Each structure stands twice: as structure tokens, then as C-alpha cells.
Amino acid sequence: MSKRTLDAFFKPPPKRTKPDNTSTTNEENNPSPPQSPDNHPTYPHSIAKLPTHLEKALSEAIETSNREGKIMNNQPDLDCVYFQPFLPRRTANELFRVLRAELPFYRVVYFAKRGGVDVEIKTPRFTTVFGVDEECFFACDDDDAGDGNGNVNADATPAAADINSNSQYRTSPLTLRKSPTTTTTSSTLPKYTYPPRPIPSILQSLKKAVESATKETYNFVLVNYYATGEDSIAFHSDDERFLGFQPSIASLSLGAEREFLLKHKPAPATTTMTGSADGGGGSGGAGGTTIKLPLSSGDMILMRGTTQANWLHSIPKRKGRGLAGVGGRINITFRRAVIPAGTDNYYHYNVGSGGGLGVG
DNA sequence: ATTCATAATGGTG
DNA sequence: GCACCATTATGAA
């Protein structure tokens, strides 16, 4: 519970409001004209826009990139699409460097008692998250205002309201609004424990590209940063209630190649071996095949349908050889949260109590 | 009850 | 020995 975020773990190149082209990502002849960065009261610092040459490379890539993807449904309950690649390697690598430098990552740290003593546990990855659940949107979001269909119109003017009577939301051009489509009668915003953060433009363009390729819409962007081979994530499913029924989740890899493991959930530990209705889990369990995907920079995998309900996935630790070890990898997941509980959960476990949030 | 991280174990190549 | 893998246990939320 005493999770906290530690900016101290994060030692990126300096972030600044002013454009700085002395840093890594300048391999083009024409320096991009500086654009004003994104600012928001919920951001700990400003977030630069995508350099125009990258933005261009990205949109070009979208035209010509692998939009088909390989459908993986040859195992029980598995329904994935593997875009290999989704972005060209060079674009993906450059994107990695930009995001690594610009996004406010956190390493969640908490204490657990072991042998009577508090032991500090550092979650083995950095995370950050942006977005709001379906019940709200940020007024200036490019396409979140509608639902991708632009069906916000003058007649369905959403009621403006302060979030939790917090004045910081009034001062921002990106004001949180209640979705017109929400069934709730109340005109007030949901009570969020953690202030939702609008998706910065640097990720908006990416989101659009992913939405177009996967034919889904998303309202959350979760970013994981695996700094070294020591960073990892244990087997789990993204099957939270607030993602709704059979959620589609797209996951884009940038940077170092890491293996992505998929295995069927083990059969429930029943004391009485009364078979389940379909027996479909039979090929799962300990004996089931573990699918191994070497995700490299620019690859994307879409998990949909029955996948989350029945499969686990993980990024295991990797030793890596050589002095450099395993390099850094960024994983961007796009998903859709349906209810405010999802918003609170994501900010709770991926940002925490707001260490360094630039409030006021 | 389930989930997630860590550590220990024993096996494989 | 090393890297990796599967399994088990522990602790906590």
C-alpha cells in the first residue's frame, strides 16, 4: 500500500521546456522547427511534441506499414494479431529515444514484510500512464471527445464541471469533461482519487496509427520501460473488470528486443475433478505450450477476444551477454477502460501518489 | 482468493 | 558454470 514513486530512479537526459537539439535524436539534416511542448497541471514537467521529421516518418510508415498482421488463433482461446513489424526499425528506434527522454516514468516501490523486517521492493520496470475512462474526456483531445466517430456535436454539449472541485482543471485548456454518451444521469464528473492525465500529443499520433491498424479505439496509454534485462513483468492477464468484456489491447515494442511469453492459464485447482463444461483448458495447464515471441523494435501485438480471459503473458528477465547486457525497451499498450474505477486503478499502480506531479 | 515479486530448487543443454 | 525453465514456497495486498 505504501507504494511511492521515485523520480530518483530515473536518470534521463535533462528535460526542459526549451527545445534542445544537442541531445540524441538528431540524425536529420533539417532540424525541425521547435514546437511548443505539451503542458498540463497533471504533468510533472512539460512533454515535447514529436519532432516533425519523426511525425512525418510515422505517418508515412502508417501508409505503407504492415497493416495486416499475422493472426494467431491456432491455440485454444488464443486470438492475437502479430504485426511484424508495425513500424520500420529506424522510426521505432528513434521513437524509443524520444519517449525515453520525454515521458515521466516512475518506478513503483513498496515495502513488504519478510522475516519480520520491511523489505523494499522495487517493481522491476518503469511505468507511466495517460488517459481517462469512457465516462470522461479532455475537451481538447483530438479524437477522444467523440468516440472516434466524431459524434460530439453542438446539440450534445457535455456539461462542463470541475473535477472534485479542483480548480487546477479550470485553468487548463485540457479540461476534463463528462462524456455525453455516459448513461449516468448525474452531470458531475466521477470522483477520481488520482487526477487523470491527458494523453500528450507525442502519444496521440501513435495512438491514432495503432487505432487505424487494429480497428479499435483506445482511451488509455500505458507505457512500460524495461531499462535492462533485469527489468521484467511476471505472468499476468489484463483481464480487469474495468476493461469490459473481451478487451482488445495493443502492445507496441520499441528499443531492445525482448521475448514475450504467452501461456494458457492453468486449469483451476479443483479438488473434485468434475470436468468443466467445455474442457477447453485441457491443453492448457502446466503441460501447455509456451508461445515465445521475440518482440523487436517496431513490432506490435494485438491481444483480443478470449485471449485475456484464458492466457497469461510475461516479459521474463534476460541476462544478456556482453558488457552492454540487454538494452532498454519501451512497451506502449493501448487499451480502453470503461469505468472510472479503471482510471483510479491505473493511476494508482502506475503513477502512485503523484510523486513530483506539477500541481499548482 | 487471487495476484505479483522474490527466492530456492532441480532439471536441461 | 551459465542461462534458462518449471515448480514451489513465502509474504502481502
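1. Quick notes on the nonpolar core
One finds L99, L203, L206 and I332 to be the most contacted residues of the largest nonpolar core, which totals 39 residues. With six residues, helix α4 (residues 201-214) is the largest single contributor of residues to this core. Dropping the residues within four chain positions of it, I332 is found in contact with L99, L203, L206, V221, L222, V223, A250, S251, L252 and L254. Among the nonpolar cores identified, the runner-up in size contains 15 residues, and C80, F260, M303 and I315 belong to it.

2. Looking at the sheet that holds strand β10 (residues 233-236)
Read from one edge to the other, the open sheet built from four strands follows the order β10-β15-β12-β13, with strand pairing classed as antiparallel. Pairing within the sheet leaves two strands with one partner each, and these edge strands are β10 and β13 (291-295). Averaged over neighbouring strand pairs, the angle between their axes works out to 15° when direction is ignored. Relative to strand β15 (residues 311-315), strand β12 (residues 258-264) runs antiparallel, the two sharing four bridges. Paired with L261 across the bridge in β15 is S314.

3. A look at the layout of surface pockets
Empty space within the second largest pocket amounts to approximately 560 Å³. Together, 30 residues line the second largest pocket, and R125, N224, I233, H236 and N350 are the ones closest to its centre. Sorting the residues of the lining of the second largest pocket by element identifies β4 (108-114), β9 (220-226), β10, β15, β16 (329-335) and α6 (340-350) as the ones contributing at least two each. In terms of residue class, the lining of the second largest pocket is built from 13 nonpolar, eleven polar and six charged.

4. Overview of the environment of T307
Take T307: it is sitting in helix α5 (residues 307-310). Expressed as a C-alpha distance, the spacing of T307 and T290, which sit 17 residues apart in the sequence, is 14 Å. Residues in contact with T307, not counting those within four places in the same chain, are D77, L78, D79 and C80.

5. Some remarks on unusual backbone geometry
Omega for the peptide link from Q84 to P85 comes to 0°, which places this bond in the cis form. If you trace the backbone, P85 turns up in the loop between β3 (80-83) and α2 (89-102). Backbone geometry at D77 places phi at a positive 70°, although glycine is not the residue there. Inspection of the secondary structure puts D77 in the loop between β2 (70-72) and β3. According to the relative accessible area criterion, D77 is partly exposed, its value standing at 25%. We note that K215 has phi near 55°; this positive angle belongs to a residue other than glycine. When you line up the elements, K215 lands in the loop between α4 and β9.

6. Things to note about the sheet that holds strand β6 (residues 126-131)
Judged by pairing direction, the sheet is antiparallel, and its seven strands sit side by side in the order β2-β3-β14-β11-β16-β9-β6 without closing on themselves. The open sheet has two free edges, formed respectively by β2 and β6, since each of these has just one partner strand. Here the average twist between neighbouring strands, direction ignored, is 20°. By the bridge criterion, six bridges tie strand β11 (residues 249-255) to β16 in an arrangement that is antiparallel. Residue pairing across strands places L252 opposite I332, the latter belonging to β16. This element, α2, spans β9, β11 and β16 of the sheet and lies at about 90° to β11. In this fold α4 packs onto β3, β6, β9, β11, β14 (300-303) and β16, with an angle of close to 65° to the strand it touches most, β16.

7. Digging into the protein's contact with DNA strand B
Y110, I121, K122, R125, A234, F235, H236 and K317 make up every residue found near DNA strand B. Near the protein, meaning within 4 Å, the atoms of DNA strand B are sugar or phosphate in a fraction of 100%, with bases accounting for the rest. At 3.5 Å from a phosphate oxygen of DNA strand B is found a main-chain nitrogen or oxygen belonging to K122. A234 has a polar backbone atom sitting 3.1 Å from a phosphate oxygen of DNA strand B.

8. Concerning the packing of aromatic side chains
Taken as a whole, this structure holds seven aromatic pairs when the rule is applied. Relative to F86, the ring of F83 has its centre 6.3 Å away and its plane inclined at 80°; by these criteria the two rings are edge-to-face. F86 matches F83 in its accessibility class, with the two residues each being buried. Each ring, one from F96 and one from Y225, has its centre 6.4 Å from the other, and the planes form 50°; the classification is tilted. A residue pair is termed long-range when its members are at least 10 positions apart, and F96 in helix α2 and Y225 in strand β9 qualify at 129 residues. Summarising the burial analysis for this pair, F96 and Y225 share the class buried. By the ring-pair criterion, three or more aromatic residues cluster together here, those being F96, F105, F126 and Y225. A cation sits over an aromatic face here: R197 above F130, 4.6 Å from the ring centre.

9. Overview of the environment of A61
With respect to the helices and strands, A61 occurs in helix α1 (residues 52-64). Residue class for A61 comes out buried when judged on its relative accessible area of 4%. Sequence separation of A61 and P88 is 27 residues, and the distance between their C-alpha atoms is 6.9 Å. Beyond its immediate chain neighbours, meaning those up to four positions away, A61 contacts L87 and P88.

Procedures and definitions
- Residue positions are given per chain, counted from 1 along the sequence in the order it is written.
- The naming scheme follows written order: chains are lettered A onward, ligands numbered 1 onward.
- Predicted model: local features are reported for residues with pLDDT of at least 70 only, side-chain atom pairs are reported and counted for 80 or more only, and whole-chain, interface and lining totals are derived from all residues.
- Side-chain metrics rest on all non-hydrogen atoms present in the structure, leaving aside hydrogens and water.
- Among buried residues, the Ala, Val, Leu, Ile, Met, Phe, Trp, Tyr and Cys ones that are joined through side-chain atoms within 4.5 Å form a nonpolar core.
- The classification of residues rests on relative accessible area computed with a 1.4 Å probe and restricted to protein chains. Under 20% of the type maximum is buried, over 50% is exposed, and intermediate values are partly exposed.
- Per the convention used, a helix needs a DSSP run of H or I reaching at least four residues, while a strand needs a run of E reaching at least two, with both numbered from the N terminus.
- It only takes one pair of heavy atoms within 4.5 Å for two residues to be counted as in contact.
- Pairing between strands requires that DSSP locate at least two bridges from one strand to the other.
- Helix axes are fitted only over the stretch in contact, all axes being lines through C-alpha atoms; the angle between N-to-C directions runs from 0 to 180 degrees.
- Put plainly, a pocket is an open set of points on a 1 Å grid over the protein atoms alone with protein on both sides within 12 Å along at least five of seven lines, a cavity is a set where a 1.4 Å probe fits but cannot get out, and a lining residue has an atom within 4 Å of a point.
- Grid points are joined across faces, edges and corners, and a volume is the space filled by probe spheres set on the points.
- Following the grouping adopted for this structure description, the nonpolar residues are Ala, Val, Leu, Ile, Met, Phe, Trp, Tyr, Cys and Pro, the charged ones are Asp, Glu, Lys and Arg, and the polar ones are all others, Gly among them.
- Throughout, near means a residue has at least one heavy atom within 4 Å of the molecule or strand.
- By the criterion applied in these results, polar contacts are pairs of N or O atoms within 3.5 Å in which, for protein atoms, one can donate a hydrogen and the other can accept it, and in which residues neighboring in sequence qualify only through two side-chain atoms.
- For Phe, Tyr and Trp, rings pair up if their centres lie within 6.5 Å, where Trp contributes its six-membered ring, and each pair is then called stacked (planes under 30 degrees apart), edge-to-face (over 60) or tilted (otherwise).
- Cation placement over rings: the criterion is NZ of Lys or CZ of Arg within 6 Å of the ring centroid and within 35° of the ring normal.

Scope: geometric values only; no functional claims are made or implied.
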